[in-house]
Amino acid sequence: MVKARQLVVYLGPAVVFALAFIVFPLIFVIVLSFTQWAGIGPAKYIGIQNYTYLFKDPAFRSAIYNTLLWVAAGIFVQTPLCLLTALIISRRPFMWKFFRTALFIPSVVSTTILALMWYFMLDPTVGLVNGTLNSVGLKSLTRTWLSDPSTAQWAIMVPFVIYIGFGMVLFLTQISTIPRELLEAAHLDGANVWQQDFFITIPAIRRAIALWILFLVGYVLKMFEYPFVMTDGGPVNVTMNLPLYVYNQMVTANAYGLAMAAGVVTVVLGALLMLVVLLGLRWMESR
Amino acid sequence: MTAMETPAAMRVIAKTVKWLFLIVLTVLTLVPLLWLLLSSFKTTPELFRGPFSLPAHWSFANFSGALDAQPLVDYFRNSVVIAVTSTAMTIVMSTMAAYALRHRFRLRGAVNGFLMSGLFVPFTAFMTPIFYLVFHLGLYNTVWGIALVYTGTTLPVGFLIIKGYLETIPEDLLEAARIDGASFHSVFFRIVCPLVVPGLATAAIFLSISAWNELLFANLLSTSTSSETLQVGIRNFLTSYAANYPEAFAGTVMAMAPTILAYALLSNRVVESMAATGLK
Amino acid sequence: MRSRARRKTAVAAAAVIVATSALAACSSSSGGGGGSSQSSGPVTIDVVSNFTSDIARGQELNDLIKQFNAEHKGKITVVSQTTADWPTLQSKIRTEISVGGAPDVFLYNFNPSDLSLEKYGSSSLINWTKYLNADPSWKASFTGQDLSTVTYNGDTVAIPDDQSSALIYYNKSLFAKAGISTFPTTWTQFFADAKALQAAGITPISLYTADDAWYAMNAYSYLAISDGGTGAYYATKLQTAPMTEAAASLKELFSYAPKNAVGANYAVASASFLDGKSAMAIDGPWLISSIQQDMKNYCTDVGVATAPTNGNSTEQPGTIVTDALTVWGAAASPDQAEQQAVVDWMKFYTSPDSAAGMATTGQFPLVVKTPTSGPAFANSNCLMKPFVDLTNAAPAKSVNVERYMTTEAQAQLPSLVEGLAVGSISPAKFVSELQQLNTTAP
């Protein structure tokens, strides 16, 4: 049995921090979401007007759509890429240490820098993407990637999807805890590499995969550097996402109440997504 | 289909695909970074001449210019202090909390859920209340204020990671120690902590990188070089009125270099420690 | 064993608590944003602006501060705190004021559609009325119009800093390559010249849509004035025929802008002009500093001009579009010495000598009446002189249309301009959207 005093010492700090940085601001935000406030002066109570405005605002709808799109891209494109890379590197091919380090490097570089770098990569005149396409004779494929509403949405997802370093390392460390004997036994039984991976490795690290997916959801709900730096949410709001919407409403429009309402919707969406992910995983496990 | 039955052709194809995948991914990852490095040696007109142009003179003018434009060394120092402090604090609190939550007590589920619920909280919307908190604690424009905020905002993530590792410690181990007469605290220090080191390492990597990369609150809570971080400095290159991109790139390269070196040197140690003390 | 481990935890916890409170105590006494000063030491004043030291006005500000600190050594120390990004700066200021920690001296834009700062901040900000009345010569250095702009409910709530003109910088050598020898005076000629430039492989004009779309909105304002005179728009009155015509012209203008104009920001757009890729840019006096740094032979290659007109009587040639009046607010302080220090700094900054320095070395004219006959102006650089001359000779001025919009409209402006540029919204819809966003003002 654990004594109350021990609980206070061990749980106390974490709970205090959670109260201060999560509960207090959340209450603040929820209360303010029902008001109209310009950042200074009194806040005027306006009921659910902010929420009705949000759902009529095409920029907000675009933000929700993009958030869901990024979560989907994260789960169905980025995570499999991380997994595949981890599986390949866990077999220690030639120069595996180099690949592991190289692929992890972008994770230690700040998102702002990566966004700025890709802004230049995708620039229609001086960017490497169009430059490469031109030099291999594929001029017809060049686009004004970030200025064209039809391509911007996909263009800004590129750094998100291909930088797999974090997930790869997470999976690699989990894979390293799988006992050798298990895989050797399967090999002796005649299973080839892919079968081993599919039937043994992946199920063994499913905890880590679930964890990673939860992180991705949390990340997508907070990340605003890519759209902010690369396109400012445009063109015409096609790359708007929830955190950027909140930021714009607070910082430029001085519509703090509206920003808080958008924040509340973000929390609700996050909770729903987490629920869906957890339920989905439980369903997969029960099969 | 057994290993014997897999036709040689398929094996060759599989191998090629595997290598193609690895190489393409690495190229996509490294090439932009190399372009950044190359561009940091160019002058602005050379930069706009075309993506593949080489600089006429390979000089370090942009690097010294970037250092003059922004006090990058101070920013680097601030970023390091903040990352280390917030990571350490989060790890300590998370480990202690996760350990306490292994035991049964009345509000156990509630506290568990409470600590994890912060995962999707929209910190962007929290600018005003968090600023209020930091300002009234007297920690505005200090590295400690920013570190405190990072500790609070990354707590759910740290807790989740460490809890995951801590839960894999079998109960019998702890039970055996208790039977031997170990106290609540000594079970924690002598048994749990050593076993959970790979989890701590993983958490440390995640947390320190999040702290390093964070921009919004760093911008909000700092207003002079005593507390501005590297991200704030880099952001200044992006919007300042004199648009000197090569200099901005040079600043970026200098900001990236130490972290990449640190990772390259430490990564083997870290991963090996994670694998070696891996459970069973 | 038990008690040792327990003691270790207790000691560690105590150490953390002590350390944190010690740090908190010592940081709060060394002052956050509110400038709490020790009574014995010098008063420290933070001047918060976007005058970063990489451009001339920032360097000049630092020089002025050095001068002031030397003259008031031991009594007042002024420190400049700059943030390059204007929206971030404004939001920081606003947050600080709302939690009771207004900066000592800070720069912001006056906007009649958003008087929240004046309305709600007035209790925490210095009321300058009595200081101005006590010093008539200081009061007289500002124009009556500027002072009435910063007067709210009879109180002068801020000190005017600058109201920069936005003029057209053009690259004469690029123009020459396209066979154009003089800057066009009518819009018809302007668009014809733009076509010629494009045919010669030159991007005619630099525009951008991110942040505040400043270049594009300058162009838009000029076009609207040419179509409807200086009364074509004002704050909440935006849905007018000239505005719609001008929107159509703006859309056409985007076809003469760089390929990355949609989504680009100020840095990218100005770089296009500074690197000799675009032939024109409509910007304020601060661009001159960058031109000097980045462009060789700028005295012969770069010219400054006012915008074309439609050649009819709607608009007087030489009418210019300006930025909003940028003003300095200051936190009121219960400490008399500190408040007086702020007033002293303000008087010094707006003195004729300082203003002359800002206008010449700083490349940034203030609204303070600055005698241009002094020696400082004799060597006024080759671009600053025509800039100031055109400003002084302007028969009429109008503030850039976006500056007086509501903040909600300003937040939506990038997406609206982009929609106009890529053709997803019509000029009429553009204008009606703007009108709608500006009628929901509080």
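Residues numbered from 1 in each chain as written. Chains lettered and ligands numbered in written order. Predicted model: local features only at pLDDT ≥ 70, side-chain atom pairs only at ≥ 80, totals over all residues.

1. Some thoughts on the overall build of chain A
Broken down by element type, chain A carries 15 helices and 2 strands. Along the first, second and third principal axes, the C-alpha atoms of chain A reach 75 × 70 × 35 Å. Long-range pairs, those at least 24 residues apart, make up 68% of the contacts in chain A between residues at least 6 apart in sequence. (Helix = DSSP H or I, 4+ residues; strand = E, 2+ residues; numbered from the N terminus. Contact = placed C-beta atoms within 7 Å.)

2. Some words on the overall build of chain B
In terms of helices and strands, chain B carries 13 helices and 0 strands. Each helix and strand of chain B, ordered N terminal to C terminal, gives the series α-α-α-α-α-α-α-α-α-α-α-α-α. Split into buried and exposed, the 280 residues of chain B put 53% on the buried side. Pairs at least 24 residues apart make up 78% of the contacts formed inside chain B by residues separated by at least 6 positions. (Buried ≥ 20, exposed ≤ 12 C-beta atoms within 10 Å, placed from the backbone.)

3. A few points about the interface of chain A and chain B
Taken together, the contacts link 75 residues of chain A with 76 residues of chain B. Broken down by element, the residue count for the side of chain A that touches chain B peaks at 17 residues, all from helix α1 (residues 4-32) of chain A. Residues belonging to the side of chain A that touches chain B are distributed by class as follows: 54 nonpolar, 18 polar and 3 charged. (Nonpolar A, V, L, I, M, F, W, Y, C, P; charged D, E, K, R; others polar.)

4. Some thoughts on the domain arrangement of chain B
Split into domains, chain B comes out as domain 1 (8-60) and domain 2 (70-240). Computed over C-alpha atoms, the centres of domain 1 of chain B and domain 2 of chain B are 36 Å apart. (Domains from an automatic or database assignment.)

5. Overview of the interface of chain C and chain A
Facing the 35 residues of chain C at the interface are 28 residues of chain A. Put simply, the parts of the chain that give the side of chain C that touches chain A at least two residues each are α1 (2-29), α3 (86-98), α4 (116-121) and α19 (407-422) of chain C. Here the side of chain C that touches chain A gets 9 residues from one element, more than from any other, and that element is α19(C). Residue classes in the side of chain C that touches chain A are distributed as 12 nonpolar, 16 polar and 7 charged.

6. Considerations on the pairing of strand β7 (residues 165-171) of chain C
All names here are of chain C. Counting buried positions along β7 gives 7 out of 7 residues, so the element sits mostly inside the fold. Two elements, β7 and strand β9 (residues 278-283), share 4 bridges in a ladder whose sense is antiparallel. Counted as the bridge partner of Y170 is M280 from β9. Examined bridge by bridge, β7 and strand β10 (residues 302-305) share 4 bridges and lie antiparallel to one another. Following the sheet pairing, I168 is matched in β10 by A305. (Pairing = 2+ DSSP bridges.)

7. Section: the nonpolar core
Counting 310 residues, the largest nonpolar core has A97(B), V134(B), L207(C) and Y208(C) as its most contacted members. The element contributing the most residues to this core is helix α7 (residues 143-167) of chain B, with 15 residues. (Core = buried A, V, L, I, M, F, W, Y, C linked by C-beta atoms within 7 Å.)

8. Considering the environment of I164(A)
Residues and elements named next belong to chain A. Inspection of the secondary structure puts I164 in the loop between α8 (158-162) and α9 (165-175). Note on I164: 25 C-beta atoms within 10 Å, which makes it buried. Between the C-alpha atoms of I164 and Q78, which are 86 residues apart in sequence, the distance is 6.8 Å. Once residues lying within four places of it in the same chain are set aside, the contact partners of I164 are Q78, L81, C82, T85 and L103.

9. Examining the sheet that holds strand β12 (residues 326-330) of chain C
Strand pairs in the sheet, formed through backbone hydrogen bonds, run parallel or antiparallel to each other. All names here are of chain C. The strand order across the open sheet formed by 5 strands is β2-β1-β3-β12-β6, and the pairing between neighbours is mixed. In the strand order of this sheet, the two ends are held by β2 (76-82) and β6 (159-162), each with one partner. Direction aside, the axes of adjacent strands within the sheet are offset by 30 degrees on average. (Axes fitted to C-alpha atoms, helices over the stretch in contact; angles between N-to-C directions.)

10. Observations concerning unusual backbone geometry
Despite not being glycine, M95(A) shows a phi value in the positive range, around 65 degrees. Its location among the elements puts M95(A) in the loop between α3 (58-90) and α4 (96-104). Here N297(C), not a glycine, exhibits a phi torsion of approximately 50 degrees, which is positive. Relative to the helices and strands, N297(C) is located in the loop between α13 (287-294) and α14 (298-301). Note on N297(C): 9 C-beta atoms within 10 Å, which makes it exposed.

11. Digging into helix α5 (residues 111-121) of chain A
With 11 of 11 residues buried, α5(A) is to be regarded as a mostly interior element. Buried within α5(A) are the following residues: T111(A), T112(A), I113(A), L114(A), A115(A), L116(A), M117(A), W118(A), Y119(A), F120(A) and M121(A).

12. Here's the deal with the confidence of the model for chain B
Residue and element names in this part refer to chain B. The pLDDT averaged across chain B works out to 81; a share of 89% of its residues lies at or above 70. Of all helices and strands in chain B, the one with the weakest mean pLDDT is helix α13 (residues 245-276) (71), whereas helix α4 (residues 72-100) scores best (92). This model gives residues 276-280 a pLDDT under 50, and the stretch forms 8 contacts once residues within four places in sequence are excluded. (pLDDT = per-residue confidence, 0-100.)

13. Digging into α19(C)
Residue and element names in this part refer to chain C. Between its first and last C-alpha atoms α19 spans 24 Å; for 16 residues at 1.5 Å apiece the expected length is 22 Å, and the two agree. For α19, the principal kink sits at L413 and spans about 45 degrees; a proline, P414, occurs within the next four residues. Of all the 16 residues making up α19, 16 are buried; the element is thus mostly covered by neighbouring parts of the structure. Note on α19: the residue one or two positions beyond its end, G423, has a positive phi of about 90 degrees. (Expected span 1.5 Å × (residues − 1). Bend = angle between axes of the 7 residues up to and from the residue.)

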